[in-house]
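A closer look at the structure
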Amino acid sequence: MIKVLIVDDETTTRNGLLKYVHWAALGAEEIRTASGGEEALRLCESWPPDIVISDIRMADLDGVTLCRKLRALLPECHIIFISGYADKENLLAAFSLSAISFVEKPIDISELEKAIAKAVELYRKKSESEEMKESLSKKRAILEDAVIRDLCNGNLTENTMDNCSSLGISENQKKYFKMVIFRCKEQVRSKREILNLIGGSLEKALKPAEWVCSLRDGNRFLVLLYSEKKDSFFREPFQTRMEVLLKRAEESGFPLFCAVGSVVSGFSDALKSLKHAEMAEQEFFFRGYGSCVFYKKAESSAIAADHAWSERYRKNLENLKNAIREFDVEKAIKLEREVYLNMQYDRIWNMARVKDVYFQLFYTIEQAEQTVCHQDAVPNGEEIWKKISAIPLLEELHEEYQEMVKMRLNRHGERCGVSDTVFQIIQRIKQDYAREDLDISVLADSVYLTPTYLSNLFKKETGYTIGQYITLIRIKMAKEFLQDKSLKLYDIAEKCGYSDQNYFARIFKREEGLTPSEYRKKRA
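Rules used in this analysis
- Residues numbered from 1 in each chain as written.
- Predicted model: local features only at pLDDT ≥ 70, side-chain atom pairs only at ≥ 80, totals over all residues.
- Heavy atoms only, no water.
- Helix = DSSP H or I, 4+ residues; strand = E, 2+ residues; numbered from the N terminus.
- Buried < 20%, exposed > 50% of the residue type's maximum accessible area, 1.4 Å probe, protein only.
- Contact = heavy atoms within 4.5 Å.
- Areas by Shrake-Rupley, 256 points an atom, 1.4 Å probe, with all protein chains shown as cover.
- Lys, Arg positive; Asp, Glu negative; His and termini not counted.
- Salt bridge = Lys/Arg side-chain N within 4 Å of Asp/Glu carboxyl O.
- Phe/Tyr/Trp six-rings, centres within 6.5 Å; stacked < 30°, edge-to-face > 60°.
- Lys NZ or Arg CZ within 6 Å of the ring centre and 35° of its normal.
- Arc of directions from axis to C-beta.
- Expected span 1.5 Å × (residues − 1).
- Pairing = 2+ DSSP bridges.
- Axes fitted to C-alpha atoms, helices over the stretch in contact; angles between N-to-C directions.

1. Topic: the overall build of the protein
Scanning the protein from terminus to terminus reveals 23 helices and ten strands. Considering the protein as a whole, with its 524 residues, one finds that 44% of them fall into the buried category. Taking all contacts inside the protein whose residues are at least 6 apart in sequence as the whole, residues at least 24 apart take part in 67%. A total of about 28500 Å² of accessible surface is found on the protein, and carbon and sulfur atoms cover 48% of it.

This is the structure:
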């Protein structure tokens with residue numbers, strides 16, 4: 001759709017052009033007018049025209065100044081000047097702004113239409129050229145994706161080599177290759193999105209090598225570098241440039257991890273560089289975002305060291321499990337931190353073994369908690385493994401473990417001076433306080449005791465009746481809910497096991513000396 005803006009402070013000129021120019025025949029589909037330069041500028045901010053027909057001498061802002069500003073705002077816009085003053089100064093101004101034409105007033109419609117037709121033709125040629133560039137760009141992107149897909153599948157066919165030739169990376173032309181894998185923290189929709197975010201920095205980091213790229217799995221960006229000169233891939237300058245790239249990406253809010261494969265000779269060996277990059281990528285689990293890891297051959301001595309350390313580790317793991325079973329929170333945190341630091345810095349454990357270790361720890365926590373509550377059910381290993389598998393970094397596994405220990409094993413501290421039965425009842429009240437029917441009968445049934453026996457036991461060990469303790473927990477939770485101003489009082493009452501809002505308010509005031517509304521206002 002070609003858009004034309006007419007700018008003139010004379011109403012008769014604007015209306016005459018709208019009426020007598022054969023806009024449809026010229027291919028102009030949307031025509032708007034402005035009565036002056038200032039109005040035209042405001043309009044162009046929300047409605048950018050392709051062609052501007054402007055008077056030169058206007059009251060508020062002359063046409064030359066207007067079009068200079070438009071040229072900065074819309075560099076591709078085509079300008080046609082109209083004026084009753086064909087002096088040298090105006091003609092020079094029109095020339096400096098690359099105006100299509102200068103039409104004198106009174107306007108000859110046929111002359112103006114020739115100028116408009118020329119502007120339309122230039123617009124269409126430019127559009128066709130841009131469409132062709134876009135088409136070639138899309139075709140190249142498809143070829144790049146196909147080549148890297150074949151590499152990832154280990155399937156280098158004659159078609160792969162044809163695609164390489166089309167991209168200008170045949171073996172006869174480019175001798176050295178290196179694969180780089182970028183891992184993005186955020187999921188991205190397309191290769192173009194990544195290039196828009198880091199394309200400039202990436203170009204600088206990869207020079208002087210050329211490259212093709214492809215997005216895989218939504219967050220892995222694979223780049224195949226190629227060059228006639230091996231020194232394009234010398235590690236030190238390449239690593240420095242990568243570190244600058246990662247820092248800029250972090251500052252832009254787009255964290256990356258980078259894994260670099262080996263330099264190989266010939267495209268047929270590019271698969272080897274990809275495998276090496278994937279091996280380096282395993283370090284992501286240990287290093288996290290902001291790191292750049294280069295492939296290096298595993299040393300045989302590491303295997304012996306791994307065996308020796310794993311023997312020592314088995315003892316540490318057993319001590320750690322015992323700390324969990326004994327609900328020794330401080331020891332469970334300290335021992336796990338030692339294991340975590342060894343895993344992180346010794347670099348002799350692979351991701352699979354590390355996750356197996358944390359599976360055992362998480363499983364032991366579940367087991368210990370169920371034992372305390374006299375539950376016969378076996379912990380759901382499948383759910384635990386699913387949870388661990390979804391955690392991408394060692395650091396996050398460590399943090400998850402620490403949080404579990406603090407939140408779940410710390411409950412054992414509440415058992416001081418109480419029996420297993422009373423502890424189980426306490427946990428049940430904290431879990432089910434929102435149930436309106438929660439009372440001594442329900443709780444007694446859950447531990448296979450009579451209500452009278454349980455009532456006496458609970459009072460003896462805690463100093464509270466069960467009813468008092470239920471109220472204590474409900475009011476404690478109500479005070480937390482009252483901090484959230486989006487919650488209505490009747491919502492809070494229901495969340496705390498009271499279907500009657502007025503009854504809830506009476507209980508709250510009895511316990512706290514204030515109504516729920518007064519408490520909320522005072523806390524605010």
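2. Concerning the side chain of Lys355
Mapped onto the elements of the fold, Lys355 is located in helix 14 (residues 351-372). Notably, Lys355 is buried but unbridged: the nearest opposite-charge side chain belongs to Glu396, and the N-O separation is 8.7 Å. For Lys355, the residues in contact, after removing those within four places along its chain, are Phe285, Trp385, Ile388, Ser389, Ile391 and Leu397.

3. Quick look at the packing of aromatic side chains
Tallying each qualifying case throughout the model produces 17 aromatic pairs. On the basis of an interplanar angle of 35° and a centroid distance of 6.4 Å, the ring pair of Phe182 and Phe221 is categorised as tilted. A residue pair is termed long-range when its members are at least 10 positions apart, and Phe182 in strand 6 (residues 176-184) and Phe221 in strand 8 (residues 220-227) qualify at 39 residues. Residue classification places Phe182 among the buried positions, given a relative accessible area of 0%. A centroid spacing of 6.2 Å and a plane angle of 80° characterise the contact between Phe238 and Phe294, whose relative ring orientation is edge-to-face. One end of the pair, Phe238, is in helix 9 (residues 235-251); the other, Phe294, is in strand 10 (residues 292-294), and 56 residues separate them in sequence. With respect to burial, Phe238 and Phe294 carry one shared label: buried. One aromatic cluster is present, built from ring pairs that chain together Tyr498, Tyr503, Phe504, Phe508 and Tyr519. Taking the ring centre of Phe238 as reference, the NZ or CZ of Lys178 above it sits at 5.4 Å. Over the face of the ring belonging to Phe481 we find Lys495, whose NZ or CZ atom lies 5.5 Å from the ring centre.

4. Observations regarding helix 3 (residues 37-46)
When we look at burial in helix 3, the residues that qualify are Gly37, Ala40, Leu41, Leu43 and Cys44. All buried residues of helix 3 project into a common sector of 165° when viewed along the axis, lining one side. Exposed and facing more than 90 degrees away from the buried side of helix 3 are Arg42, Glu45 and Ser46. Lining the buried residues of helix 3 we find strand 1 (2-7), strand 2 (28-34) and helix 4 (63-73).

5. Focus on helix 17 (residues 420-432)
Between its first and last C-alpha, helix 17 extends 18 Å over 13 residues, near the 18 Å set by a 1.5 Å rise per residue. Looking only at helix 17, the buried set comprises Val422, Phe423, Gln424, Ile425, Ile426, Gln427, Ile429 and Asp432.

6. Considerations on the sheet that holds strand 1
One open sheet accounts for five strands, arranged 2-1-3-4-5; its pairing is parallel. Taken across any chain shown, the strands that pair with only one partner, and hence form the sheet edges, are strand 2 and strand 5 (101-104). Here the strands of the sheet are splayed against their neighbours by 20° on average, with no regard to which way each runs. Pairing of strand 1 with strand 3 (residues 51-55) involves four bridges; the strand directions are parallel. In the strand pairing of strand 3, Val7 is matched with Ser54. Helix 1 (residues 11-20) contacts strand 1, strand 2 and strand 4 (78-83) of the sheet and is inclined by roughly 170° relative to strand 2.

7. A look at the sheet that holds strand 6
Two strands in a sheet stick together by hydrogen bonds in their backbones, pointing the same way (parallel) or opposite ways (antiparallel). The sheet built from five strands is open, its strands ordered 7-8-6-9-10 with mixed pairing. The open sheet terminates on both sides in strands that have one partner only, identified here as strand 7 (210-216) and strand 10. Sheet twist, expressed as the mean angle between neighbouring strand axes with direction ignored, is 20°. Relative to strand 9 (residues 256-265), strand 6 runs antiparallel, the two being bridged by eight bridges. Opposite Lys178, over in strand 9, you have Val263 as the bridge partner.

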